[in-house]
Each structure stands twice: as structure tokens, then as C-alpha cells.
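Topology and contacts: notes
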Amino acid sequence: MRPWREGPGDRRSYHHGNLKEALIEAARRFIAERGIGGFTLVDAARLVGVTPAALYRHFRGREALLEEVAGRGFSDLAERLARALTGRGTPLERFTRMGEAYLAFAEEEPGYYAAIFEVRGAAAPAPVPDRPNPFDLLVEALNATFPEGFNGVDPRFLALEVWALSHGIATLSAAGQLPKGGPDKYELLRAGVLALVHGAGERPRSTP
């Protein structure tokens, strides 16, 4: 683990009431560098310079800390997708930027990204007022980009397929498993999404 950041925001900041935030940041960094199973509460306490007992003032245990990290990551991802969806350009351009934002988030915030998908229950947290949900944003973007629909295919079903594709590409990219010399991850995602939506439009309509 690299040394704690220096300056006004270093590990002593918890004395000013920021222990909870310092612990969340410590967990996020551990997850990014070691994986979900790569640290204990003792490790987190040591990194921020407190005793393990001090952690229980804010979290009932390690899982509660991890769930908080996952929730923060989920919110960060949703905000990035919302900015892409409400930006300039045509619906298709905004939809494409959502995919780019998703892949960028996975690369830039590996701790948050891993927590979202590896902490039990994190992928579907309790709704928070005025906070967008990534899946709902994806459905909204599909409806805005392709108002003619998908030949009877439920947009929510297609949104799950798009999310699965995005997650798969992000995971392969992080593991260095994408083929060398081929299209980059952004090109792969754009091509894959277009194949999914066009393929959905060509499926036979479901009958009652």
C-alpha cells in the first residue's frame, strides 16, 4: 500500500471529524490495490492511524464499511452516466458517451467498481431521493435514442444486455485480456451495443 496522501487531507484529518471519510477512502484504496479480500479492519485502522475499536463508532463491521464504499461507487457511477445523458449532442451521441463514461469509471475507480459488483447487495441499493439509478438511466437513454422501440423487445431486457456487455468489456480490459492490436474497449463497446439494438429490432415480434 502506498503511503497515505500528504498535506491537509492526511490521516490526521479524522481528528476534525472526518474519521468515517478517512476509513471509506482507506477501504477504497485497499480494494483498488488488493481486491475485496485484500484487507481487514485492522489494516484500515492502521492506515488512518486509529485503533480498530475506533472504527466501530462508524461501522458495525467490515461488511458495513464495504457496503458504504459500494454505495459511494454506485452514486459516482450514476452521476457520471447522468452527466453524459444530459450533455450536448444527439441522443445517439449522448448514449455513446454513457458507454464511454462507464468504461472510464471502471478504469479510473477500480476500488469503487470492484465494490459495486462484489459486495453483496451493492448492485441494487435502497433508492436514495434525488439520486439517479444507473440502470434506470440506461433504460431512459435507450428509449430516447431509439424512440421507435425494439420490435416489441422490452427496453429493460435490452438494458440488461447492454450493461452485461459493458461490464464484460470493462472486466476484460482491467485484466489485460482484450486482444492486442485490435479495436480499443470504446470501439468494442460501441460496436457491441449497436449490434444488440439492431439485433433486437430484427427479432420477431412476440405474440400475445
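Quick caveat: nothing in here was measured; it's all calculated off a predicted structure. (Residues numbered from 1 in each chain as written. Predicted model: local features only at pLDDT ≥ 70, side-chain atom pairs only at ≥ 80, totals over all residues. Heavy atoms only, no water.)

Right, let's talk about unusual backbone geometry for a bit. For N151, which is not glycine, the phi torsion reads 55° and is therefore positive. Structurally, the position occupied by N151 is in the loop between α7 (134–145) and α8 (155–174). (Helix = DSSP H or I, 4+ residues; strand = E, 2+ residues; numbered from the N terminus.)

Time to look at the side chain of R80. Here R80 shows up in helix α4 (residues 62–85). For R80, a relative accessible area of 17% gives the class buried. For R80, the side chain forms a polar contact with the side chain of E108, separated by 2.8 Å. For R80, the residues in contact, after removing those within four places along its chain, are A101, A104, F105, E108 and E109. (Buried < 20%, exposed > 50% of the residue type's maximum accessible area, 1.4 Å probe, protein only. Polar contact = N/O pair within 3.5 Å; in protein donor to acceptor, adjacent residues only side chain to side chain. Contact = heavy atoms within 4.5 Å.)

Moving on: the confidence of the model for the protein. Summary statistics for the protein give a mean pLDDT of 84 and a share of 82% for residues scoring 70 or more. Ranking the helices and strands of the protein by mean pLDDT puts α8 first, with 95, and helix α3 (residues 52–55) last, with 84. pLDDT under 50 marks residues 3–13. Its contacts with residues more than four places away, or in other chains, come to 19 contacts. Low confidence marks residues 122–127, where pLDDT is under 50. Its contacts with residues over four positions away, or in another chain, come to seven contacts. (pLDDT = per-residue confidence, 0-100.)

Looking now at the UniProt feature "DNA-binding region" (unreviewed entry) in the protein. Per the UniProt entry, the sites bearing "DNA-binding region" (unreviewed entry) are residues 40–59 in this numbering. Along residues 40–59 the backbone is 60% helical and 0% strand, and the end-to-end C-alpha distance reaches 13 Å. (UniProt positions renumbered as here; feature names shortened; annotations may be inferred.)

Next up on the list: helix α1 (residues 19–34). Compared with the 22 Å implied by 1.5 Å per residue over 16 residues, the 22 Å span of α1 between its first and last C-alpha is a close match. Close packing links the buried residues of α1 with α2 (41–48), α3, α4 and α6 (110–118). Note on α1: the residue one or two positions beyond its end, G35, has a positive phi of about 90°. (Expected span 1.5 Å × (residues − 1).)

Attention shifts here to the packing of aromatic side chains. Taken as a whole and assessed by the stated rule, the structure comprises eight aromatic pairs. An angle of 20° between the planes, with centres 6.2 Å apart, marks the rings of F135 and W163 as stacked. Pair noted here: F135 is in helix α7 and W163 is in helix α8, with a separation of 28 residues, a long-range link. Since its relative accessible area comes to 12%, F135 is described here as buried. Taking NZ or CZ as reference, R28 lies 5.6 Å from the ring centre of Y112, over its face. Just above the ring of F39 sits the side chain of R62; from NZ or CZ to the centre is 4.7 Å. (Phe/Tyr/Trp six-rings, centres within 6.5 Å; stacked < 30°, edge-to-face > 60°. Lys NZ or Arg CZ within 6 Å of the ring centre and 35° of its normal.)

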